[in-house]
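Each chain is listed here by its residues.
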Amino acid sequence: MHVNIETSWKLALKAEFEQEYFSQIVQFLKEEKKNGTLVYPPGSQIFNAFDKTPFNQIKVVILGQDPYHGTGQAHGLCFSVPIGIKPPPSLVNIFKGIKNDYPHFEIPNHGNLEKWAAQGVFLLNTILTVKANTAASHSQIGWQKFTDAVIKKISDEKTGIVFLLWGKFAKEKAKLINADKHFILQSGHPSFADSHKQFFGNHHFSKTNELLMRQGLQAVNWQL
């Protein structure tokens, strides 16, 4: 099956794209489109996180659940929204968390996280599509089998990756990661729906950079 995705990922995930379950995901999305169902993000942006952060450039993984389901919000990077779209509450809290960690951080007037992705921060939603205005509506179509394979692939083939797992859903993915050769940072979720108080003060942004620099890697510039 031909999937339009960045070359290093296409090679790394070739076996997944050839699986029957992946064909079923594609068929489901085709049927949704045929039926006039509005699905986010647009088809060309479903694999945006992969395109913006090639497999051989990953240093950090941030896990989200599923895309924002409001008009114009989702563009294939977890927690991120395009320029011109108001940052959702969870992203506002992420910015506050960085500010707590780095007092000189200037909270941006937008929510586009592509600058992080370009520095090796892989912004992966574990479910890659959603029906408009219906959270978790595509949670059962097979995406989690695919993204579990993605997480395991990163764990198996790389070393020293910093995984940021925020909230119960993301923490459940820790079992896919080899903690002997990677770094797993966990805390509460930044959304208002969760106990976001557990998120503030987790110092995950400075801890991430300490772990990267300890390996001789360049720290992430969180400023947008």
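Since the structure is predicted, the reported quantities are computational estimates derived from the model, not experimental observations.

**Q** Got a minute to help me understand the overall build of the protein chain in this structure?
**A** Each helix and strand in the protein chain was counted, giving 9 helices and 6 strands. Taken over the C-alpha trace, the protein chain has a radius of gyration of 17 Å; the compact-globule value for 224 residues is 17 Å, and the two agree within 12%. Its C-alpha atoms give the protein chain principal-axis dimensions of roughly 50 × 35 × 25 Å. The buried share among the 224 residues of the protein chain stands at 53%. A separation threshold of at least 6 residues defines the contact pool for the protein chain, and within that pool the share at least 24 residues apart is 66%. Of the roughly 10,700 Å² that the protein chain leaves accessible, carbon and sulfur atoms contribute 51%. Between the mean site of the 24 positive side-chain charges and the mean site of the 18 negative ones, the protein chain shows a separation of 3 Å.

**Q** Can you help me understand the packing of helix α5 (residues 89–101) against helix α9 (residues 204–214) in this one?
**A** Relative placement of two packed helices is described by the angle separating their axes and the distance separating the axes. Between α5 and α9, whose axes approach to 7 Å, the crossing angle comes to 65 degrees. Contacts between α5 and α9 involve I94, G97, I98 and D101 from the former and H204, F205 and S206 from the latter. Each residue belonging to the contact of α5 with α9 can be placed in one class, and the counts come to 3 nonpolar, 3 polar and 1 charged.

**Q** Is there a simple way to explain the packing of aromatic side chains in this structure?
**A** Aromatic rings considered in pairs are described by the distance between their centres and by the relative angle of their planes. In total, this model carries 23 aromatic pairs according to the counting rule given. With centroids separated by 6.2 Å and ring planes inclined at 40 degrees, the aromatic side chains of F95 and F105 adopt a geometry described as tilted. Within this pair, whereas F95 is found in helix α5, its partner F105 is found in the loop between α5 and α6 (114–117), the two being separated by 10 residues in sequence. Given a relative accessible area of 4%, F105 falls into the buried group. Their ring planes at 85 degrees and their centres at 4.9 Å tell us that W116 and W222 sit as a pair that is edge-to-face. Taken together, the residues W116 in helix α6 and W222 in the segment after α9 connect sequence positions 106 residues apart. Using a relative accessible area of 3% as the deciding quantity, one classes W222 as buried. Joined through ring pairs, the aromatic side chains of W9, F17, Y21, F22, F47, F50, F55, F122, W143 and F146 make up one cluster. For the cation-ring pair, K158 lies above F55, with the distance from its terminal atom to the ring centre recorded as 4.4 Å.

**Q** Is there a simple way to think about α5 in this case?
**A** Since the α-helix advances by 3.6 residues per turn, residues separated by three or four positions end up pointing in the same direction. Taking 1.5 Å per residue, 13 residues should reach 18 Å; α5 reaches 18 Å between its end C-alpha atoms and fits that length. For α5, the full list of buried residues reads S90, L91, N93, I94, F95, G97, I98 and D101. At its buried positions, α5 is contacted by α6, β5 (162–166) and α9.

About the thresholds
- Residues numbered from 1 in each chain as written.
- Predicted model: local features only at pLDDT ≥ 70, side-chain atom pairs only at ≥ 80, totals over all residues.
- Heavy atoms only, no water.
- Helix = DSSP H or I, 4+ residues; strand = E, 2+ residues; numbered from the N terminus.
- Rg over C-alpha atoms; globule rule 2.2 N^0.38 Å.
- Buried < 20%, exposed > 50% of the residue type's maximum accessible area, 1.4 Å probe, protein only.
- Contact = heavy atoms within 4.5 Å.
- Areas by Shrake-Rupley, 256 points an atom, 1.4 Å probe, with all protein chains shown as cover.
- Lys, Arg positive; Asp, Glu negative; His and termini not counted.
- Charge placed at Lys NZ, Arg CZ, Asp CG, Glu CD.
- Axes fitted to C-alpha atoms, helices over the stretch in contact; angles between N-to-C directions.
- Nonpolar A, V, L, I, M, F, W, Y, C, P; charged D, E, K, R; others polar.
- Phe/Tyr/Trp six-rings, centres within 6.5 Å; stacked < 30°, edge-to-face > 60°.
- Lys NZ or Arg CZ within 6 Å of the ring centre and 35° of its normal.
- Expected span 1.5 Å × (residues − 1).

By themselves, these figures tell us nothing about what the structure is for.
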